[in-house]
Amino acid sequence: MIKVDGISKQFGKVKAVDAISFEVQEQENMILLGTSGCGKTTTLKMINRLIEPSGGKIFINKKNILDQPPEILRRGIGYVLQNNGLFPHYTVAENIALVPQLLKWDKKKTEGRTAELMEKLHLDKSYLHVYPNELSGGQQQRIGLARALVSDPPVLLMDEPFGALDNVTRSNIHKEFKALDELKRKTIIMVTHDVQEAFELGDRICLMDKGRIIQSGTPAELLFSPANKFVEDFLKDQRLQLEFKAVKLVDVWELLPNPPKKAKTPALPAGTDLWTALESFKFGKAETVNIQKDDEVKAATFEELMAAFYQYKNKQGHE
Amino acid sequence: MNEHQQTLFEFMGQQADKLAVQTLQHIGLTFISLFIAALIGLPLGIFITRKVKLSGPVLGVAGILQTIPSIALLGFMIPVLGIGAKPAIVALLLYALLPIIRNTYTGITGVDAAVKEAAVAMGMNKWQVLFKVELPLAMPVILAGIRTATVINVGVATLASYIAAGGLGEFIFGGISLNNTNMILAGAIPAALLAIIFDFLLSRVQKLNFKKIKKTTYAMPVLLVLLSSFYFIPSAYGGRLTAGFTPEFMGRQDGNLGLESKYGLKIHTIVISDAVMYKAAFEKQLDVISGYSTDGRLKAYDLVVLDDDKRIFPPYYAAPIIREESLKKYPGLEKTLNLLSGKINDSVMTDLNYRTDYLHQTPERVAKDFLVANKLFKPSREGSTGIIRIGSKIFGEQYILANMYSMLIKGNTNYDVSTKTGLGGTKICFDALTNDQIDFYPEYTGTGLLAILQASPKTVNEVTKSKDSTYNYVQQEFEKRYQVKWLKPIGFNNAYALMMRKEQAKRLNIKTISNLKRYLNSK
């Protein structure tokens, strides 16, 4: 879907981005992770040509992005900024209608789409006619997301989208983010410096430093097979939590002792991470959770899940 | 007018038409220049946000323009643009530029970078970013600049009357030269009110919320054009000839008022300062001007004086006036001073003034050359039997006369001389004389009659019928009241006069003011 081929960016004598390449598959959520100044935001902004690269090529759907005028390119790519970048002189409705206006949608279509998004993002309709500064930070960020999604672009670029929010708001938005069907259909590149966020939201992570990609892979790959000491150190904090988040139920499916049954009872999907599964225990007597993979369901106790996790982890280390 | 003290409101009521015209002109001048300044300043301000390297030089030049004193700036404009509305508008717009450019620049560069980035990232082109994001968000700051420019322009526009562009300055400067407080206030109060009202209105516009600003942005240019057009409404009437009169002349009975009442002269008139009037006549911007009959510029610019056949301008014959005590104290002085009597007529005096004012010869040299040519000059006797103190007012003609008297006294008597030139106006000079600070100075009969004796209109009417009756009257009165004696007249009459270009007067066959009136009435 998106192919970045050896792009570089030089600001004066400083090499902000140094000949990096990666690919993002359709509907994949790719995270550019790194400390500030590592070149992750510059990389992101080169994809919608807010910054023109000094060298290298970028393809979206095999088309070189330089082949079309930047305005047209950008109208087809959603963009979410850290400080939302909402227009203070536009109402919420006008902010959301920005891209439809540029695309010359008719009024009905815009209104219908706006109402749909407001509902999906749990925003009250009464907000439509207020100005952004009258809303809370979390609400503003949701409007920013709605603005990026309104024309249903296949690609979404997000620059530290939740960076300015407090922890409680952020964790709520993370949950919504994962649940939102609109986003599941999108190819997303998201920049963040927050390791937890990267592990929670990313299908794959590019860990960057000094303008280069140090390692790129799934969260589990980064955790259990770090390319070098830098990667290891970067993930050192709260490592256990990261591991729980990186391992999915499907990874430990074979290691669970109970025999599978036909699916009947409500169950967690196999793509759920272990952290979420463990969090769902209420610690009653002999309590189990049901896990569904395809049309089979396995029940597992807390102890069984933990045992399976350790088995899995040991296996990873020896590979 | 002398019978009772006129109040400001009576004056304003009486002059309501003029006041209305001047106010409209003032508003018009302010907003035409503001409008053009905005047309130049806004794009320029936007341009330098795109080419930041140029912002320093552009703001620097606009800043320098701002520091040029307004009168000087108007002065610079005259050789290029002549007189009237054009130079005034250009000068005003130059003053309005800096606040508009600077605030446009500051306003646009101050727009939140994240908002600009969002606008670009959503796929807006650069014009959409400018008109939909940058300008609306910078609007309060830009409006603040326009507000500053408006207040500056209302103030500076008062000076436009110096170069015949009209406005409330006509009353203000007319009032200053006529020492008429009501007239000054009738100009100054409306000007101040205009500044306050426009400032207030623009402050309201500035505080409107974003939503409404969208509408006002469109309303502003319309309003500006409307206000600008005020200037053209009053000046829409024309005339075959144009007269330029000084503010003082406009308000005097022995000036424009007399021209209207006694001659019935109706001419398209603009008010202009004495400093540029002669030149404007020379450059055919004006056809008739009010000047002084012995002014050197008469010769410099090839103008001719129209004969005042109905005698509305009182005679201003020059003669030395001297303390009677001094005459007794210094025998032989009177005879010496009278040596000059009858020697200088109008054209000679004009020529002498021309030499000092235009050829920049010193008054001493001009005085000596004249005395030598008329065989009146004698080398100084280096006398020391007494010191005669000569006074003079603060203009060229008086300096020349003071120097002539000084040379005559030194050459013909054994007295020494001390000159106290540059004693300001009439009042200072005459006070110095009566207080025994000087012995004599050259005075004019008209000034004596009107400024010193302050004769009633009736008396003025009677005694100004001929030059002799004026002379006789002031001579009697001065002796009676101040023990000051008028010696024999020098010969020239430095009175108010209407003048035209020689060539034009000849072509139209106009020699007297009555001729002028007939010419204007014909056709």
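Thresholds, definitions, all that
- Residues numbered from 1 in each chain as written.
- Chains lettered and ligands numbered in written order.
- Predicted model: local features only at pLDDT ≥ 70, side-chain atom pairs only at ≥ 80, totals over all residues.
- Heavy atoms only, no water.
- Helix = DSSP H or I, 4+ residues; strand = E, 2+ residues; numbered from the N terminus.
- Buried < 20%, exposed > 50% of the residue type's maximum accessible area, 1.4 Å probe, protein only.
- Contact = heavy atoms within 4.5 Å.
- Buried area = accessible area lost by both parts, 1.4 Å probe.
- Salt bridge = Lys/Arg side-chain N within 4 Å of Asp/Glu carboxyl O.
- Pairing = 2+ DSSP bridges.
- UniProt positions renumbered as here; feature names shortened; annotations may be inferred.
- Domains from an automatic or database assignment.
- Polar contact = N/O pair within 3.5 Å; in protein donor to acceptor, adjacent residues only side chain to side chain.
- Nonpolar A, V, L, I, M, F, W, Y, C, P; charged D, E, K, R; others polar.
- Core = buried A, V, L, I, M, F, W, Y, C linked by side-chain atoms within 4.5 Å.
- Axes fitted to C-alpha atoms, helices over the stretch in contact; angles between N-to-C directions.

Turning our eyes to something else, we now look at the overall build of chain B. The secondary structure content of chain B amounts to 25 helices and 10 strands. By principal-axis analysis of the C-alpha atoms, chain B measures approximately 100 × 55 × 45 Å. For chain B, with 523 residues in total, the buried portion stands at 54%. Sequence-distant contacts in chain B: of pairs separated by 6 or more residues, those separated by 24 or more amount to 79%.

The interface of chain B with chain A comprises 19 residues on the first partner and 22 residues on the second. For the pairing of chain B and chain A, the buried interface totals around 1,900 Å² over both sides, and the portion due to carbon and sulfur atoms is 65%. If you sort the residues of chain B by the area they bury against chain A, Glu117, Ala121 and Met122 of chain B come out on top, with a joint share of 32%. Linking chain B with chain A are one salt bridge. Salt-bridge contacts for Glu117 of chain B lead to Lys45 of chain A; the nearest nitrogen and oxygen are separated by 2.7 Å. For the side of chain B that touches chain A, the secondary-structure elements that each account for two or more residues are helix H6 (113–121), helix H7 (126–156) and helix H10 (210–229) of chain B.

Here we take up the pairing of strand S1 (residues 242–245) of chain B. Residue and element names in this part refer to chain B. Burial of S1 is two-sided: the residues Thr242 and Gly244 facing one way and the residues Ala243 and Phe245 facing the other way are all buried. Of the strand pairs in this sheet, S1 and strand S2 (residues 268–271) are connected by four bridges, and their pairing is parallel. By the bridge assignment, Gly244 is partnered in S2 with Ile270. Note: S1 against strand S3 (residues 288–292), two bridges, orientation parallel. Each bridged residue has a counterpart across the sheet, and for Gly244 the counterpart in S3 is Ile289.

All names here are of chain B. Here, UniProt's "transmembrane region" (unreviewed entry) annotation points to residues 27–46, 58–78, 84–101, 141–164, 184–205 and 217–237. In residues 27–46, helix accounts for 100% and strand for 0%; the two terminal C-alpha atoms are 27 Å from one another. Across residues 84–101, helical content stands at 94% and strand content at 0%; the span's end C-alpha atoms are separated by 26 Å.

Residue and element names in this part refer to chain A. Split into domains, chain A comes out as domain 1 (2–244) and domain 2 (248–318). Distance between the C-alpha centres of domain 1 and domain 2: 31 Å. On the side of domain 2, nine residues touch domain 1, which itself brings six residues to the contact. In this assembly, domain 1 packs against domain 2 so that about 820 Å² is buried in total across both faces, 67% of it on carbon and sulfur atoms. Joining domain 1 to domain 2, the criterion identifies one salt bridge. For Lys313, the salt bridge identified is with Glu243, shortest N-O distance 3.1 Å. Taken together, domain 1 and domain 2 are joined by three residue pairs in polar contact (both at pLDDT 80 or more). Contributions of two or more residues to the side of domain 1 that touches domain 2 are made by helix H10 (219–224) and helix H12 (239–246). Of the residues assigned to the side of domain 1 that touches domain 2, the class counts are four nonpolar, one polar and one charged.

The next thing to look at is the pattern of salt bridges. Opposite charge on two side chains permits them to pair, given that their charged atoms come into close proximity. Residue and element names in this part refer to chain B. As enumerated under the stated definition, the model contains 39 salt bridges over all chains in all. Salt-bridge contacts for Glu477 lead to Lys480; the nearest nitrogen and oxygen are separated by 3.3 Å. One end of the pair, Glu477, and the other, Lys480, are both in helix H23 (residues 467–482), three residues apart, so they sit about a helical turn from each other. Accessibility expressed as a relative area gives 12% for Glu477, which makes it buried. Looking at Lys480, the relative accessible area reads 60%, which means it is exposed.

Before going further, it helps to examine unusual backbone geometry. All names here are of chain B. If you check the backbone angles, Arg311 has positive phi at about 55° while not being a glycine. Within the element layout of this structure, Arg311 appears in the loop between strand S4 (303–305) and strand S5 (318–323). A positive phi angle, near 55°, is found at Gln483, a position not held by glycine. Here Gln483 lies in the loop between H23 and strand S9 (484–486).

Bringing the nonpolar core into the picture now. Formed by 108 residues in total, the largest nonpolar core has its most connected members in Ile189 and Leu305 of chain A. Membership of the second largest hydrophobic core comes to 79 residues, among which are Leu74, Ile83, Ile163 and Leu194 of chain B.

Okay, the UniProt feature "domain: ABC transporter" (unreviewed entry) in chain A next. UniProt feature "domain: ABC transporter" (unreviewed entry): in the numbering of this structure it lies at residues 2–235 of chain A. Across residues 2–235 of chain A one finds 37% helix and 26% strand; the C-alpha atoms that close the span lie 27 Å apart.

A few words on the environment of Val156 of chain B. All names here are of chain B. Locating Val156 in the fold gives a position in helix H7. The spacing of Val156 and Ala91 is 65 residues in sequence and 9.0 Å in space, taken between C-alpha atoms. Setting aside its immediate chain neighbours within four residues, Val156 contacts Ser70, Leu92 and Tyr95.

Residues and elements named next belong to chain A. Strand order in this open sheet of four strands is S2-S1-S4-S5, and the pairing throughout is antiparallel. Whereas interior strands pair on both sides, the edge strands pair on one side only; in this sheet they are strand S2 (14–24) and strand S5 (63–64). Pairing geometry for strand S1 (residues 2–11) and strand S4 (residues 55–60), over five bridges, is antiparallel. Bridging across to S4, Val4 finds its partner in Ile58. Along the sheet, helix H1 (residues 40–47) contacts S1, S2 and S4; its crossing angle with S1, the most-contacted strand, is approximately 120°.

This brings us to the sheet that holds S4 of chain B. Residue and element names in this part refer to chain B. One open sheet accounts for five strands, arranged S2-S1-S3-S10-S4; its pairing is mixed. What marks the edges here is a single partner per strand, and that holds for S2 and S4. Direction aside, the axes of adjacent strands within the sheet are offset by 35° on average. The pairing of S3 with strand S10 (residues 496–501) spans five bridges and is antiparallel. Looking at the pairing, Gly291 lines up with Ala497 of S10.

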